[in-house]
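# Structural features, examined
One-letter residues, chain by chain:
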Amino acid sequence: MFNYLVVAEAQNTTLGTMIVVTLSIVLLLAAIKKFAWGAIVNILTQREEKISNDIDSAEKSKIEAESLKEKRASELLNSKTEAVKIVQDSKDYAEKNRQSLLAEARQEANQLKEKAKTDIAVEKELAFVGIKKDVASLSVEIAAKILKKELNEETHSALIDSYIEGLDNK
Amino acid sequence: MQEKSWTFEVGGLWFNGTTCLMVILTCVIVFSLVFVCTRNMALKPKGKQNAIEWVVDFVRGILSSNLASKEVSDFHLLGFTLFLFVFVANMLGLVTKIVVGDTSYWKSPTADPLVTLTLALLVIILTNFFSVKKFGLKGYFVNSYLKPVGFLAPVKILEEFTNVLTLGLRLYGNLFVGEILLGLIAGMGISKLWMFSFAVVLEMIWQAFSIFIGGIQSYVFVTLAMVYLAHKLEVEE
């Protein structure tokens, strides 16, 4: 192998080969740099940026979610107390309403009762008056009838006859 | 045992045709692979994009365990290219072996010491170049050779050359041995008919092991390159 290392001998290929190797490597480097390396570096940087952006935005959304969660919890608490208040209010209102309605109804009922009582009294009075009139007229009529009969002789005797006949029959 | 390579001459300069073609083929394969895999990239990766991103990530892992974190992206492309080049080069020799007469027409380019030593030399020159670029010429000398203690300067200068040798010869040795054994097993298979099926199984086992070795060696090559680079770039106390 040592005769490889001797430069400048007839048919020695050392220098030529060295030149070819050096040139090829340098050209290969240049070609990769020009046609491929940019794309690789580009994509790696892009990915790096994307990952760091993703991490940042994930952190941001996490913080946002956290604050939203707190807000929701406080709102939930608020709405709970509000709901309790609403229920309490409506209960109070209903109670008040009930009381007033009851009082009103009671008052109305009393009024009706009073009215009915006076009505009954009036009717009673009227009825008494009517009956009195009727009794008076009836007694007048009866008296008239009796008087009429007494005034008539024939009738009187007939009556007596009828009575006697009645006695006979008994 | 040593196979000859096909050679040709252009304008008085001789070239090892086999090695040169294999190097160029490696470059073409690496580039096509990277080019195809990086078309229509999406934020949500799938299929081929996943594969290329895995390699990019793997190389980034090697770099960040050696270099300062702000320097990783500066040398990412270099590490990526070196890794893919060495890996594909290591794999190429495992596919087949074409030997006509005494001349070999297909082998791993990294099984040639010239290729690996050139790569290693390139890496060491680059580390020194980046050090000069970072600290200035004076700062580079002081930082690289005179610190932490001045009398170690000769050793440190010598180290630059031994680094080239260790980096290059390690890769070459591993791949060359793999190729030799692949050739030996193939030769055994065609020497006798009854050996053929046995040799096929043996070849498969050795190829699987060589894939492993090739992967490990490309990882080691990039790691060591980055270690040398880190030595040059860090400020010595």
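You'll find the structure just up there.
Residues numbered from 1 in each chain as written. Chains lettered and ligands numbered in written order. Predicted model: local features only at pLDDT ≥ 70, side-chain atom pairs only at ≥ 80, totals over all residues. Heavy atoms only, no water.

## As for the pattern of salt bridges
All chains considered together, the criterion is met by five salt bridges over all chains. For B:Glu53, the salt bridge is made with A:Arg47, and the minimal N-O distance between the two is 2.7 Å. In this pair, B:Glu53 sits in helix α2 (residues 48–64) while A:Arg47 sits in helix α1 (residues 14–151), so the two residues belong to two different chains. For the pair B:Glu53 and A:Arg47, one class covers both residues: buried. Across the salt bridge formed by A:Arg98 and A:Glu95, the nearest N and O atoms sit 3.4 Å from each other. Of this pair, A:Arg98 and A:Glu95 both sit in helix α1, three residues apart, which is roughly one turn of that helix. For A:Glu95, a relative accessible area of 38% gives the class partly exposed. (Salt bridge = Lys/Arg side-chain N within 4 Å of Asp/Glu carboxyl O. Helix = DSSP H or I, 4+ residues; strand = E, 2+ residues; numbered from the N terminus. Buried < 20%, exposed > 50% of the residue type's maximum accessible area, 1.4 Å probe, protein only.)

## Concerning empty space enclosed by the protein
Enumeration over the complete set of coordinates arrives at three cavities of 30 Å³ or more. The space that makes up the second largest cavity amounts to roughly 40 Å³. Those elements that place two or more of their residues in the lining of the second largest cavity are α1 of chain A together with α3 (72–95) and α4 (113–146) of chain B. Ranked by residue count, the leading element in the lining of the second largest cavity is α4(B), at four residues. In the lining of the second largest cavity, the residues fall into eight nonpolar, no polar and no charged. (1 Å grid on protein atoms, 1.4 Å probe; cavity = no way out; pocket = protein on both sides within 12 Å on 5 of 7 lines; lining within 4 Å. Points joined across faces, edges and corners; volume = space filled by probe spheres on them. Nonpolar A, V, L, I, M, F, W, Y, C, P; charged D, E, K, R; others polar.)

## Quick notes on the packing of α2(B) against helix α6 (residues 196–233) of chain B
Residues and elements named next belong to chain B. Running from N to C, α2 and α6 cross one another at 40°; their axes reach a closest spacing of 9 Å. Classified by the angle their axes make, α2 and α6 are oblique. For the crossing formed where α2 meets α6, the hand is right-handed. Along its contact with α2, which presents Phe58, Ile62 and Leu63, the element α6 presents Tyr219, Val222, Thr223 and Met226. (Axes fitted to C-alpha atoms, helices over the stretch in contact; angles between N-to-C directions. Parallel < 35°, antiparallel > 145°, perpendicular 65-115°, else oblique. Left-handed = near helix turned anticlockwise from the far one by under 90°. Contact = heavy atoms within 4.5 Å.)

## Considerations on the interface of chain A and chain B
Interface extent is often summarised as the accessible area lost during association of the parts. Of the residues lining the interface, 32 residues belong to chain A; the matching set on chain B comes to 41 residues. Around 3400 Å² of area is buried between chain A and chain B when both sides are counted, 82% of it from carbon and sulfur atoms. Linking chain A with chain B are one salt bridge. (Buried area = accessible area lost by both parts, 1.4 Å probe.)

## Details of the nonpolar core
Note on soluble globular proteins: their nonpolar side chains tend to be buried together. Counting 55 residues, the largest nonpolar core has B:Val34, B:Leu67, B:Phe80, B:Leu82, B:Phe85 and B:Phe221 as its most contacted members. Contributions of two or more residues to this core are made by α1 of chain A together with α1 (17–37), α2, α3, α4, α5 (153–191) and α6 of chain B. Setting aside residues up to four positions removed in sequence, B:Leu67 forms contacts with B:Val72, B:Phe75, B:Met226, B:Leu229, B:Ala230 and B:Leu233. With six residues, the next largest nonpolar core counts B:Met91, B:Leu182, B:Ile185 and B:Trp206 among its residues. (Core = buried A, V, L, I, M, F, W, Y, C linked by side-chain atoms within 4.5 Å.)

## Side note on the packing of α3(B) against α4(B)
Residue and element names in this part refer to chain B. Their axes nearest at 13 Å, the elements α3 and α4 cross at an angle of 175°. Put simply, α3 runs roughly antiparallel to α4. Touching Phe75, Leu78, Leu82, Phe85 and Val86 of α3 are Leu119, Val123, Leu126 and Phe130, all from α4. Along the lines of polarity and charge, the residues of the contact of α3 with α4 split into nine nonpolar, no polar and no charged.

## What about the packing of aromatic side chains?
Across all of its chains, the model carries 19 aromatic pairs over all chains by this definition. Note on B:Phe83 and B:Phe87: the rings are 6.2 Å apart at their centroids and 10° apart in plane angle, and the pair reads as stacked. With B:Phe83 and B:Phe87 both in helix α3 and four residues apart, this pair spans about one turn of that helix. Overall, the relative accessible area of 8% leaves B:Phe83 in the buried class. An angle of 45° between the planes, with centres 6.0 Å apart, marks the rings of B:Phe141 and B:Tyr145 as tilted. Note that B:Phe141 and B:Tyr145 are positioned in helix α4 at a spacing of four residues, about one turn of the helix. Looking at B:Phe141, the relative accessible area reads 45%, which means it is partly exposed. Members of the aromatic cluster, connected to one another through ring pairs, are B:Trp54, B:Phe58, B:Phe83, B:Phe87 and B:Tyr219. It is A:Lys34 that lies over the ring of A:Phe35; its NZ or CZ is 5.5 Å from the centre. Taking NZ or CZ as reference, B:Arg39 lies 3.9 Å from the ring centre of B:Phe35, over its face. (Phe/Tyr/Trp six-rings, centres within 6.5 Å; stacked < 30°, edge-to-face > 60°. Lys NZ or Arg CZ within 6 Å of the ring centre and 35° of its normal.)

## Focus: the layout of surface pockets
By volume, the second largest pocket amounts to about 280 Å³. A:Leu29, A:Lys33, A:Trp37, B:Ser73, B:Asp74, B:Phe75, B:Leu77, B:Leu78, B:Phe130, B:Lys133 and B:Lys134 are the residues that line the second largest pocket. When contributions to the lining of the second largest pocket are tallied by element, the ones reaching two or more residues are α1 of chain A together with α3 and α4 of chain B. Counting residues per element, the lining of the second largest pocket draws most heavily on α3(B), which supplies five residues.

## So, the environment of A:Leu29
With respect to the helices and strands, A:Leu29 occurs in helix α1. A:Leu29 sits in the partly exposed class, given a relative accessible area of 22%. For A:Leu29, the contacting residues outside a window of four places in its chain are B:Leu77, B:Leu78 and B:Thr81.

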